[in-house]
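As a plain string of letters, each chain reads:
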Amino acid sequence: MPGGRLSQQDRREIADGLTGGLGYAEIARRLERPTSTISREVARNGGAGGYRADHAHYATASRARRRRTTSGVADVRTVDPRRGYVERFASMMVEGGLPRMASRVLALLYTSDSRTLTAAELVRELRVSPASISKAIGYLEQVGTVHREPDPVRRLQHYVIADDVWLKAWEVSARTNQNWSETAAEGIELLGADTPAGQRLSHMADFFDRLSEDMSGGGGFQDCLAVLAVAQPSLDPSELAAALGWPVERVRDVLEYAVKNSGQDGAEQPTGEAAVREA
């Protein structure tokens, strides 16, 4: 019907017209269609020299099915606020430098009602391949934000988000900054501090050194924690938490860090509550 979608017979007439050397305008007049409709149809299906009616018809139907599928997924996300939130949460982590699939897995684990999810559940929820999930889980395990728990009954691997996931992420970031600083320092030694390259690397080393120190609390803060750990042996973490208005877990973490970094001669130091008792 003129003005409607092109039928398979319309496409065969287009192909016959092209074979017969007719121009787009003449073919359009015969089909009572705008010339632009014919030119677009031919351009998106192989051009004047490669246009095939049956192929063009099935290709157009396939594109229409893909558009409907994509539209359906978008509609589901619009209707399901939780799914939309998971995707926004993941996008925020991507902007922070985390790989996209790892971000989606982490966001789903963090917002799930269940404390664990299997690989099959992650595949189903995120609508991706098992290989994509496996690669993302491998990355998250490597940086310490996710660990496995075996299911002895069904022989499945359950993936669990670490309780201190954001502390782990902070430590990874601080460690990365320190690596940048150390790598720059190696370059300065190799190229010479008085060379143009050495001067650029020196600026880089200073920047990442300060950034790493700031992320780990700064030297003054670390000294205060070390003094606190040594000078207050009578206080346990719960008392310190109450005095500082901090969660107990945070106090345990900083005491462990402080005592570990206040040791001398490389001797292994006690950590956590044992550090406070032995200080």
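Keep in mind that this is a model prediction, so the values were computed, not measured.

Draft legend 1. Representation of the nonpolar core. If you look at the biggest cluster of nonpolar residues, it comprises 22 residues, and the most contacted ones within it are Val 105, Leu 106, Leu 122, Ile 133, Ile 137 and Val 146. If you tally residues by element for this core, the top one is helix H7 (residues 100–111), at six residues. Formed by twelve residues, the second largest nonpolar core is a distinct cluster that contains Ile 14, Ile 27, Ile 38 and Ala 56.

Draft legend 2. Quick peek at the pattern of salt bridges. Applying the stated rule across the entire model yields eight salt bridges. Here Arg 12 makes a salt bridge to Asp 54, at a shortest N to O gap of 3.4 Å. Taken together, the positions of Arg 12 in helix H1 (residues 8–19) and Asp 54 in helix H5 (residues 53–79) put the pair 42 residues apart, joining distant regions of the chain. Residues Glu 26 and Arg 30 are paired through a salt bridge, measuring 3.3 Å at the closest nitrogen-oxygen approach. Of this pair, Glu 26 and Arg 30 both sit in helix H2 (residues 24–31), four residues apart, which is roughly one turn of that helix. Taking relative accessible area as the criterion, Arg 30 reaches 56% and is therefore assigned exposed.

Draft legend 3. The packing of aromatic side chains, seen in detail. Tallied over the entire structure, the rule returns four aromatic pairs. An angle of 15° between the planes, with centres 5.2 Å apart, marks the rings of Trp 180 and Phe 208 as stacked. Of the two residues, Trp 180 sits in helix H10 (residues 165–191) while Phe 208 sits in helix H11 (residues 196–215), which places them 28 residues apart along the sequence. For Trp 180, a relative accessible area of 45% corresponds to the partly exposed category. Geometrically, the ring pair formed by Phe 207 and Phe 208 is edge-to-face, given 5.1 Å between the ring centres and 85° between the ring planes. A relative accessible area of 16% places Phe 208 in the buried class. One aromatic cluster is present, formed by Tyr 85, Phe 89 and Tyr 110 through successive ring pairs.

Draft legend 4. Seen up close, unusual backbone geometry. Unlike most non-glycine residues, Glu 32 shows phi in positive territory, near 55°. Counting through the fold element by element, Glu 32 comes out in the loop between H2 and helix H3 (35–43). Taking the relative accessible area as the measure of exposure, Glu 32 reaches 57% and is therefore exposed. Within the chain, Arg 127 stands out as a residue other than glycine whose phi angle is a positive 60°. Along the polypeptide, Arg 127 turns up in the loop between helix H8 (119–126) and helix H9 (130–142).

Scoring rules and cut-offs
Throughout, residues of each chain are indexed from 1 in the direction in which the sequence is written. Local features are withheld for residues below a pLDDT of 70 in this predicted model, meaning they are given only at 70 or higher, and side-chain atom pairs are given and counted only at 80 or more; totals for whole chains, interfaces and linings count all residues. To get the side-chain values, all heavy atoms of the structure are used, and hydrogens and water are removed first. What makes a nonpolar core is a set of buried Ala, Val, Leu, Ile, Met, Phe, Trp, Tyr and Cys residues whose side-chain atoms join them at distances within 4.5 Å. Residue burial is assigned from relative accessible area. The probe radius is 1.4 Å, only protein chains are included, and a residue is buried under 20% of its type maximum, exposed over 50%, and partly exposed in between. Starting at the N terminus, helices and strands are each numbered in turn, a helix being any DSSP run of H or I of at least four residues and a strand any DSSP run of E of at least two. By definition here, a salt bridge exists when the distance from a side-chain nitrogen of Lys or Arg to a carboxyl oxygen of Asp or Glu is within 4 Å. A pair of aromatic rings is counted whenever rings of Phe, Tyr or Trp (Trp by its six-membered ring) have centres within 6.5 Å, and the orientation is called stacked for planes under 30 degrees apart, edge-to-face for over 60 and tilted otherwise.

Note that every value here comes from positions in space, so none of it alone points to a role or purpose.
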